Amino acid sequence: MYEYWNYYDVTPRMVPADRESTVTIRPRFTHVKFPPADRIKVRVIPLDDGVREGGPEPLRGWELDADGALRIRANFTGEQEYNLTLELTEPGNREADEWALRARETLRFNVYSLRADLYERRPFKGDFHMHSWCSDGREAPEYVAARNREEGFDFIAVTDHHRYAPSLQAIRVWSELPTGLKLFPGEEVHSPDNPVHIINFGGSFSVNELARCGEERYRREVAAIAETLGPEVRDRFAVAASEWVFDRIREGGGLAVFCHPYWQTEAYVINEGITTAILNRRKFDALELIGGFYKHQWRSNNFQIARYGEERAGGNAFPVVGLSDSHGTDTGALFGWYYTVVLAKSDRLEDLVEAVRNGFCCAVEHVEGGIPRVFGEFRMVKYISFLLESYFPRHKALCRTEGVLMSEALAGSNRAVEALKMLAGSVAAYRESCFR
């Protein structure tokens, strides 16, 4: 990271493109306060303009307030990242100057200028493929929710195999306690005789139950869809059944996610013909590009990434998401490794679904001990990579405090409940401060 995220407040962090804005950098502690103004040179450097010999001229449009905050006025042109570089010059009398040890130090902070369609959106970190002990996970749905908040998530859905009710249980438990974590209904759908796994994120009813309780109707309607498929489709029932599920999820206002096409046991769980037909027909809302695989299963995610690149190159572009498929938050694997950053107008379900469907999102892989990798449209990848360095560290620290208190509240602590009430809205306030 360029800046010392815990030492300084930088507001706003995101600014409108092609307008003059004022960015305030405020030291949070005395040991990082700025020296006198005559010891500081400020440069504003647009990353997309490349390296220039000698660098840009020092900026004149800045001031050091009486309270020690540095205010930088500049015109941020185009949509790109900017380095705000502060050079602390050497004092005249090193022996007598308290700033001598910081002489010639360079501090770098960064902001991002955004065109209007992105500036009106906010970043939300989410995961909507995970399991509780209600299917084959390890912990109760409400505990899974608390641990996800501790890990820095803004929204989740518990999506147990065949079961919709556990997601409602998590929502119910937390409905009367003030947390910033948004919980939505969900399930992993396994329709009869269909090997394709599909996530129902946010749908208002259970597609598993609909297919199970009305199997005769399900098979009749799947057969009708199969009749419309061309001769190139080999496994007509699986493809038609998947499209039936996609349609039912959307009827309930949810997001339909095609899961892990290259999951391998003895062979790939679904054959290549099914994968190709589903990708070509594009009746799903998003592809689970990465997620659900342990370190020894690295090939599956690699194949999905390579396939996504080929599809895009061939003109078949679709949104991608990263989802953990976690089966336990305390197992030391999968949890927090894969997730999605969504750029949405709010954290309401309809806004999150709209953002994903229109590609305002990226899949993120951050396996424990590794570096983050971001996948999606290049414009989104650049911006979200900036967010991972410069926005989400403070965000996660705030979420962690709330998540720990959520776990303590589950354990019966009334003091934790009171503390949650006091902290209510702190993450949302931080988010808005980065744009205002």
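Structural data are supplied above this passage.
Here the structure is a predicted model, which means the values were calculated and not measured.

Engineer: Would you explain the overall build of the protein in this entry?
Structural biologist: Within the protein, the secondary structure is distributed over 13 helices and 19 strands. In terms of C-alpha radius of gyration, the protein reaches 25 Å, essentially the compact-globule figure of 22 Å for 436 residues. Reported as C-alpha extents along the three principal axes, the dimensions of the protein are approximately 85 × 55 × 40 Å. Looking at the protein as a whole, 56% of its 436 residues qualify as buried. Here the contacts in the protein between residues at least 6 apart in sequence split such that 71% fall between residues at least 24 apart. For the protein, the exposed area adds up to about 19200 Å²; of that, 49% sits on carbon and sulfur atoms. Within the protein, the 64 negative side-chain charges are centred at a point lying 3 Å from the centre of the 54 positive side-chain charges.

Engineer: Looking at this model, I keep getting lost on the layout of surface pockets. Mind explaining?
Structural biologist: Taking a probe equal in size to a water molecule and rolling it over the atoms shows the remaining empty space. Taken as a whole, the largest pocket holds about 520 Å³ of empty space. The wall of the largest pocket is formed by 26 residues, among which Lys125, Glu151, Gly336, His366 and Lys396 lie closest to the centre. In terms of residue count, helix α11 (residues 392–410) provides more of the lining of the largest pocket than any other element does, 6 residues in total. For the lining of the largest pocket, the class distribution of residues is 11 nonpolar, 8 polar and 7 charged. Of the volumes computed, that of the second largest pocket is approximately 320 Å³. Mapped by element, the contributors of at least two residues to the lining of the second largest pocket are β4 (40–46), β7 (80–88) and β8 (106–114).

Engineer: Is there a simple way to explain the sheet that holds strand β6 (residues 70–76) in this structure?
Structural biologist: Sheets are built from strands paired through backbone hydrogen bonds, the pairs being either parallel or antiparallel. One open sheet accounts for 4 strands, arranged β1-β3-β6-β5; its pairing is antiparallel. Two strands close off the open sheet at either side, each with one partner strand: β1 (8–11) and β5 (62–64). The average undirected angle you get between the axes of adjacent strands in this sheet is 15°. Here β5 runs beside β6; their pairing, made up of 3 bridges, is antiparallel. Residue pairing across strands places Glu63 opposite Arg71, the latter belonging to β6.

Engineer: Explain the sheet that holds β7 here, please?
Structural biologist: Here 4 strands make up an open sheet; going across it, the order is β2-β8-β7-β4 and the pairing mixed. Since the sheet does not close on itself, it has two edges, and those belong to β2 (14–16) and β4, each with one partner. Neighbouring strand axes in the sheet, compared pairwise and without regard to direction, differ in orientation by 30° on average. Alignment of β7 against β8, held across 8 bridges, turns out to be antiparallel. Bridged to Leu84 within β8 is Phe109.

Engineer: Which parts of the structure should I look at to understand the pairing of strand β17 (residues 338–344)?
Structural biologist: Consecutive side chains of a regular strand alternate in pointing toward one face of the sheet and then the other. Among the 7 residues in β17, 7 count as buried, and that is most of the element. The alternating pattern of β17 places Tyr338, Thr340, Val342 and Ala344 and Tyr339, Val341 and Leu343 on opposite faces, both of which are buried. Here strand β9 (residues 122–127) pairs with β17 via 5 bridges, running antiparallel. Of the residues in β17, the one forming a bridge with Arg122 is Ala344.

Parameters and conventions
- Residues numbered from 1 in each chain as written.
- Predicted model: local features only at pLDDT ≥ 70, side-chain atom pairs only at ≥ 80, totals over all residues.
- Heavy atoms only, no water.
- Helix = DSSP H or I, 4+ residues; strand = E, 2+ residues; numbered from the N terminus.
- Rg over C-alpha atoms; globule rule 2.2 N^0.38 Å.
- Buried < 20%, exposed > 50% of the residue type's maximum accessible area, 1.4 Å probe, protein only.
- Contact = heavy atoms within 4.5 Å.
- Areas by Shrake-Rupley, 256 points an atom, 1.4 Å probe, with all protein chains shown as cover.
- Lys, Arg positive; Asp, Glu negative; His and termini not counted.
- Charge placed at Lys NZ, Arg CZ, Asp CG, Glu CD.
- 1 Å grid on protein atoms, 1.4 Å probe; cavity = no way out; pocket = protein on both sides within 12 Å on 5 of 7 lines; lining within 4 Å.
- Points joined across faces, edges and corners; volume = space filled by probe spheres on them.
- Nonpolar A, V, L, I, M, F, W, Y, C, P; charged D, E, K, R; others polar.
- Pairing = 2+ DSSP bridges.
- Axes fitted to C-alpha atoms, helices over the stretch in contact; angles between N-to-C directions.

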